[in-house]
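Okay, here's what each chain looks like letter by letter:
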Amino acid sequence: MDTLEWMLVTSYLWVKAAHLIFVIFWIAGLFMLPRFYIYHQPVAPGSAEDRLWIERERRLRSIILTPAMIAVWVLGLALIWINQANGSDILSQGWLHAKLAIVLALSGYHGWAVGYGRKMARGYRPAKDTALRLMNEVPGIATAVIVILVIVRPF
Ligand code: HEM
């Protein structure tokens, strides 16, 4: 392997490592936010405790969740781009299509969670407790399916 080839392979691995670091931050945030909502839900709107939860949720969104989601997308698309540029056409593979569909859905879930937090901050509690608990399962299931798709590549 010559030096240029070695540098390309190594930088690909660094981009992939960074991708996975931000995947962990993003999913950790997605695990936490609906859990916060379950604790926040019974708190009286306008109370001191309500203000505390609103601030915790805002910080989780703006410091961890949204920056991590953007980084995951940018680095993941960079990985696709590097593969295509090097002639390994991963864009034609079924596992990647399925993964992208699930990641898009997970980004929609992220949007729903952020929107729900804004509603709670305005004093609304539109979802039932059981619905929130069910929604809380979504990131775990999505993570399991995505990891199987990228590691096992069943199709
Ligand atoms: C946001 C859009 C995303 C895009 C465009 C994307 C794209 C990619 C690409 C192209 C690779 C490199 C595959 C290879 O080198 O063979 C990769 C690796 C990986 N991604 Fe993503 N990804 C995204 C989000 C995620 C999410 C949300 C997860 C987990 C929940 C995830 C988990 C992984 C894992 C575990 C690997 C390592 C696979 C390996 O080394 O074989 N990715 N991703």
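Use the structure listed above.
Residues numbered from 1 in each chain as written. Predicted model: local features only at pLDDT ≥ 70, side-chain atom pairs only at ≥ 80, totals over all residues. Heavy atoms only, no water.

A few words now on the coordination of the iron atom of the ligand. The iron atom of the ligand binds to the protein through His-19 (NE2) and Lys-99 (NZ); the donor distances cover 1.8 to 2.1 Å. For His-19, a relative accessible area of 9% translates into the label buried. (Donors = N, O, S within 2.8 Å, 3.2 Å for Na, K, Ca; no water. Buried < 20%, exposed > 50% of the residue type's maximum accessible area, 1.4 Å probe, protein only.)

Our focus in this paragraph is the pattern of salt bridges. Per the stated rule, a full pass over the model turns up three salt bridges. Residue Arg-133 is joined to Asp-129 by a salt bridge in which the shortest nitrogen-to-oxygen separation is 3.4 Å. With Arg-133 and Asp-129 both in helix H4 (residues 129-135) and four residues apart, this pair spans about one turn of that helix. Taking relative accessible area as the criterion, Asp-129 reaches 33% and is therefore assigned partly exposed. (Salt bridge = Lys/Arg side-chain N within 4 Å of Asp/Glu carboxyl O. Helix = DSSP H or I, 4+ residues; strand = E, 2+ residues; numbered from the N terminus.)

The next point concerns the environment of Asp-89. Its place among the elements puts Asp-89 in the loop between helix H2 (48-85) and helix H3 (94-121). For Asp-89, a relative accessible area of 41% corresponds to the partly exposed category. Expressed as a C-alpha distance, the spacing of Asp-89 and Ala-105, which sit 16 residues apart in the sequence, is 24 Å. Only 2.9 Å separates the side chain of Asp-89 from the side chain of Gln-84, close enough to count as a polar contact. (Polar contact = N/O pair within 3.5 Å; in protein donor to acceptor, adjacent residues only side chain to side chain.)

The quantities given are spatial measurements derived from coordinates; they are silent on function.
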